[in-house]
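Topology and contacts: notes
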Amino acid sequence: MSPSKPGQLTKNQAKPIKAKQSRTKQKRGVETRNKIVDATVRLISREGVGAVTHRAVAREAGVSLSPTTYHFESKEMLLREAYGKLHASEMARYKNLVAQVADDSFDEDAMMDYVTALVIREATEFKEDVVAGFELLLEATRSAEFRDRVEETYMERFKFWRDLMAGSGSDDAESDGHLMVCSSIGSFLLMMASGFDQAELAKIRQKIKSTVDSLPKF
Amino acid sequence: MRQQRAIETREKIFLATLDALAEKGVSAVTHRAIAEKAGVSLASTTYHFETKTDLLIKTFEWMVDQFEQSYRARLDNEQIKRLDGKRLINYLIDVYHTERALDVKGMVAWYEFVIEALRQPELQHAVRKWCRQTIDFYGALFEQAGIADPQVSANRYLDFIVGWDFFIVCRGQKKSNIQGYETLVRRLFSGLSKGGDQ
C-alpha cells in the first residue's frame, strides 16, 4: 500500500523509525552526559572545585545549560560523578599492578619497575586527572558526603601497599602499608607541587626503592 | 606609626586569605573578597600585593613561618642539646598533637596552596623553598639525635607526614588519632636509624 501523501508514512513504517530515533536520542543523551562529566573533571583540574557551576560546566562542555541541569540536579551530583569517573580511570590504570601484587609469583625488582613507570605516567600523562583527584579529596574537608570517598581511596591504596609489603616479607605489613600509603602520596604531592625536571624523574625508582628498603621489615 | 599600621594591615590580609583558602579554596581568593574579609580597603590589598599570585605566595610564606616559629618554641636550646632518638620521637609526636592536629584551618589552607602549585608553576618555588627549609629544620634535629643520614631521613619523615596529614584533613577528623600516628612514627624511625637504639 502506498502512502496517501509523499513523505507520509504508513503505520508500520512509522514504528521502526520512531524506535531508531529514540536509540539515537538515547545515545546522544549518554554522549552529552559523558561530555558534561569530562568537562567537570577538566574544570576542576584547571580551576578547582570552587569554579564548578552548571553554567561553567556547560560552557566547558560546549553544551547548553538545560542538559547540564537535566542530567545533574545539583553541584554535588556533578562532583560525585566527576569523582566516580576519575576513580574508575585510576583503577583501570592500576589494574595490572594490583593483579601482579595479588599474584603469588612475586618479583620485587619487576615490581619496582612497574611502580616507577606508573608514578612517572601519573605525573606526566595523567596530570590533569591527578590534580582533579587531589582537589576532590580535599573538598571532603568542606563536604561530609565526600568523606566516604576519602576512606575508600585510602583503603584501596592501603590494601595494595599492605599486600606488597607482606609479599616482601614484612613482619608488620599493616603498619608498613599505612606508612607507604602516606609516604607515597606525600612524596608524590610534594614532587608535583615543587615542579620536577627529567633529572628528578630519573631518580624516582631509586627513591621508591630506598623508601621501601628502609622499612624495618625483618 | 605608619609602619606598624602597615604590618597590621598585612597580617589582617594574611589571616583573611588563610580563612578564604580554608573555607572555599583558591578560587575564593580575590583582592576584593580578601579586602572585605580583612576589613581593609581594596586599595591597600593591591598596594601590598600586586597580583593574586603575589598574595597567595606571601600568605603561604607567612603561614609556614608561623608554623616553624611554633615548632621551634617547643624546643629550647637545652632540650636540643639533650636530644636522643627517644626524645626526638616524643617531640615530633607532641608537636603533631598540639600544632598540626588542632589547626585544621591552617592545614587545609596549606594543602589548598600546594595543590594550586600543581597548576601554577609560579607557586612552585615557594613550595620548593618550604621543602628545603623544613628538611633543614628536621635534619638538624635528627642529626643532633643521632639519626643516620639526617637529611635523607628528614625527607622521608616529611613525605610521611605530608601524606598522613592530607588524609587526616580530608577525613575531617576531630580527634588526632595520636595512637596511630605514634605507632607509625616509631616504626618509621626504627627503620631510619639502623644501629644505635633509642
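Above: the structure in question.
We now turn to the structure provided with this report.

The rules behind the values
Counting starts from 1 at the beginning of each chain's written sequence and moves along it residue by residue. Ligands are numbered from 1 and chains lettered from A, in the order in which they are written. Whole-chain, interface and lining totals are the exception, using all residues; otherwise, since this is a predicted model, local features are given only for residues with pLDDT of at least 70 and side-chain atom pairs are given and counted only at 80 or more. The side-chain figures draw on all heavy atoms in the structure; neither hydrogens nor water molecules are used. Secondary structure elements follow DSSP: runs of H or I no shorter than four residues count as helices, runs of E no shorter than two count as strands, and numbering proceeds from the N terminus. Exposure categories follow from relative accessible area, calculated using a 1.4 Å probe and restricted to protein chains: below 20% of the type maximum is buried, above 50% is exposed, and the middle band is partly exposed. We call two residues in contact when some of their heavy atoms are within 4.5 Å. With residues, only the protein chains shown are counted as cover, and all accessible areas are computed by Shrake-Rupley using a 1.4 Å probe. Method remark: on a 1 Å grid restricted to protein atoms, a set of points is classed as a cavity if a 1.4 Å probe fits but cannot get out and as a pocket if it is open with protein on both sides within 12 Å along at least five of seven lines; lining residues have an atom within 4 Å of a point. Grid points are joined across faces, edges and corners, and a volume is the space filled by probe spheres set on the points. Only a pair of cysteine sulfur atoms within 2.5 Å qualifies as a disulfide here. Only one rule defines a salt bridge in this text: a Lys or Arg side-chain nitrogen within 4 Å of an Asp or Glu carboxyl oxygen. Definition of a polar contact: a pair of N or O atoms within 3.5 Å, with one able to donate and the other able to accept a hydrogen when the atoms are protein atoms, and with sequence-neighbouring residues admitted only if both atoms are side-chain atoms. Only Asp, Glu, Lys and Arg are considered charged, only Ala, Val, Leu, Ile, Met, Phe, Trp, Tyr, Cys and Pro nonpolar, and every remaining residue, Gly among them, polar.

Now for the overall build of chain B. Per the secondary structure count, chain B includes 10 helices and 0 strands. Counted from the first residue to the last, chain B has its helices and strands arranged as α-α-α-α-α-α-α-α-α-α. In terms of overall dimensions, chain B has a C-alpha envelope of 60 × 40 × 30 Å along the principal axes. By the burial criterion, 53% of the 198 residues in chain B qualify as buried.

Here we take up the overall build of chain A. Within chain A, the regular secondary structure consists of 10 helices and 0 strands. Secondary structure elements of chain A occur, N-terminal to C-terminal, as α-α-α-α-α-α-α-α-α-α. Counting over 218 residues, chain A shows a buried share of 44%. Sequence-distant contacts, at least 24 apart, represent 67% of the contacts inside chain A between residues at least 6 apart. Of the roughly 11,700 Å² of accessible surface on chain A, 52% is carried by carbon and sulfur atoms.

Of note, D149 of chain B is a non-glycine position whose phi angle comes to about 45°, a positive value. Taking the relative accessible area as the measure of exposure, D149 of chain B reaches 55% and is therefore exposed.

Before going further, it helps to spend a moment on empty space enclosed by the protein. All names here are of chain B. All chains considered together, the criterion is met by 1 cavity of 30 Å³ or more. If you add up the space inside the largest cavity, you get close to 80 Å³. Around the largest cavity, the lining residues are Y96, R100, A101, V104, M107, D165, I168, V169, G172 and Q173. Only α6 (85-100), α7 (104-119) and α9 (150-171) provide two or more residues apiece to the lining of the largest cavity. When residues in the lining of the largest cavity are grouped by element, the largest group, 3 residues, is from α9.

Glancing now at the state of the cysteines. Under the defined criterion, the tally for this structure stands at 0 disulfides over all chains. With no disulfide of its own, C182 of chain A has C170 of chain B as its nearest cysteine by sulfur position, at a separation of 11 Å. Looking at C182 of chain A, the relative accessible area reads 0%, which means it is buried. Looking at C131 of chain B, it has no disulfide partner, and the nearest cysteine sulfur is the one in C182 of chain A, 17 Å off.

Glancing now at the interface of chain B and chain A. The interface of chain B with chain A comprises 41 residues on the first partner and 46 residues on the second. Applying the counting criterion to the chain B and chain A interface returns 6 salt bridges. A salt bridge links E112 of chain B to R142 of chain A, with the shortest nitrogen-to-oxygen separation between them at 2.5 Å. If you look at where chain B meets chain A, you find 15 residue pairs in polar contact (both at pLDDT 80 or more). Broken down by secondary-structure element, the contributors of at least two residues to the side of chain B that touches chain A are α1 (2-24), α7, α8 (124-144), α9 and α10 (178-192) of chain B. Of the residues contributing to the side of chain B that touches chain A, the split by class is 22 nonpolar, 9 polar and 10 charged.

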